[in-house]
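# Breakdown of the fold
Spelled out, the chains give:
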Amino acid sequence: MENKKLVTVYIVDDDANSIELLRRLLSEYSVEVVGTQTETQKAMDEIIELEPDLLFLDVEMPDMSGLDFCSRVRLFVKPEMKVVFYTGYDKYLLEALRRQAFDYMLKPASKPELAKIMTRYYENRLNSIQTASAKNDKQQPIVMIVNAVSEHTPLHLSDIAFFRFDSERRIWEVVRTDGTTNVLRHRTTAEIILNYSDFFVQIHKRYIVNIQKIVKIQDSTCLLPKPLQDNRELHISKNYRHDLMNKFYNM
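Being a predicted model, the structure only gives us computed values, none of them experimental. (Residues numbered from 1 in each chain as written. Predicted model: local features only at pLDDT ≥ 70, side-chain atom pairs only at ≥ 80, totals over all residues. Heavy atoms only, no water.)

Further remarks concern the sheet that holds strand β5 (residues 103–106). With parallel pairing, the five strands of this open sheet are ordered in space as β2-β1-β3-β4-β5. Strands with a single pairing partner mark the edges of an open sheet, and in this sheet they are β2 (31–37) and β5. In this sheet, adjacent strand axes meet at a mean angle of 20° when their direction is disregarded. In terms of strand pairing, strand β4 (residues 82–87) meets β5 through four bridges, oriented parallel. Bridge pairing links V84 to D103 in β5. The strands touched by helix α1 (residues 16–26) within the sheet are β1 (7–12), β2, β3 (54–58), β4 and β5, with β2 carrying the most contacts at an inclination of about 175°. Packing of helix α2 (residues 40–50) onto the sheet brings it into contact with β1, β2 and β3, and relative to β1 it is tilted by some 170°. (Pairing = 2+ DSSP bridges. Helix = DSSP H or I, 4+ residues; strand = E, 2+ residues; numbered from the N terminus. Axes fitted to C-alpha atoms, helices over the stretch in contact; angles between N-to-C directions. Contact = heavy atoms within 4.5 Å.)

All right, on to the nonpolar core then. The biggest cluster of nonpolar side chains holds 21 residues, and the ones touching the most others in it are L22, L26, F56 and M105. Those residues in contact with L22, other than ones at most four positions away along the chain, are I11, F56, Y86, M105, A109 and L114. With 20 residues, the next largest nonpolar core counts I47, F69, F85 and Y104 among its residues. (Core = buried A, V, L, I, M, F, W, Y, C linked by side-chain atoms within 4.5 Å. Buried < 20%, exposed > 50% of the residue type's maximum accessible area, 1.4 Å probe, protein only.)

This next bit is on the pairing of β2. Summarising the sheet, β1 and β2 pair through six bridges and their orientation is parallel. Residue pairing across strands places Y10 opposite G35, the latter belonging to β2.

Two strands in a sheet stick together by hydrogen bonds in their backbones, pointing the same way (parallel) or opposite ways (antiparallel). If you trace the five strands from one edge of the open sheet to the other, you get β10-β9-β8-β12-β11, paired in antiparallel fashion. The open sheet has two edge strands with one neighbour each: β10 (181–183) and β11 (200–204). Geometrically, the sheet is characterised by an average inter-axis angle of 25° between neighbouring strands, direction not taken into account. Relative to strand β12 (residues 207–210), β11 runs antiparallel, the two sharing four bridges. From the neighbouring strand, F200 faces β12, where its bridge partner is N210.

The next point concerns the confidence of the model for the chain. The predicted coordinates should not be examined in detail at positions where pLDDT is low. Here the chain shows a mean pLDDT of 84. Residues at 70 or above account for 83%. Of all helices and strands in the chain, the one with the weakest mean pLDDT is strand β6 (residues 142–146) (63), whereas β12 scores best (96). (pLDDT = per-residue confidence, 0-100.)

With that out of the way, let us pick up the environment of L234. Structurally, L234 is set in the loop between β14 (221–223) and α7 (238–248). For the pair formed by L234 and C222, sequence separation is twelve residues and the distance between their alpha carbons is 5.4 Å. Ignoring sequence-local partners within four residues, the contact set of L234 consists of F162, I203, Y207, V209, S220, T221, C222 and L224.

Next up, the structure:
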């Protein structure tokens, strides 16, 4: 899997101060603002070229309403792009919903409102990832695990939750989705595990997780589905966080 960019954002607003405020608030999230524009025609061309994941769009633009702009640009971009209408008036809410708006935010942008939108966006994106993973589950490759007595055990990718390093025994083990574990041979290293599959990502010097099995990232901890939902050991180290977030939202 390629090391893709984080969630990409584009902002269209005829007020430069509003753009700067929103850009500053977005800096707290795992996003990259790939472009901003005050003119709709230039914005149209750039959005078609850049294909952002998330578009913040002012409704009241001088040369074209944001509502009409949304309808036109949707003809040329990927259907997965989400549009957040972003305006000083709530009278456009119903029409925005009719234009398939993902969300609606009143100006001036505020931390609490943006937090709600971004949380909803991340949850929506994660649900899409998990749905796609479920559909493709049967097509996923077999991972050949070599255990402590040199037995080769074929495991389906979807059977693996994470890998854990036992610092006392100085050995890696694989934790399956049903909670059972297999001890790996002593020569196994983190590099060898990461080479098993692009869906394995290191989150700590002691943990490598199957990114498809992450249900939620909460307080720097990866949460897993049942029956591992009470597992709270998968802490994300600062050194590995960027790579994890990058892959998590770009599978």
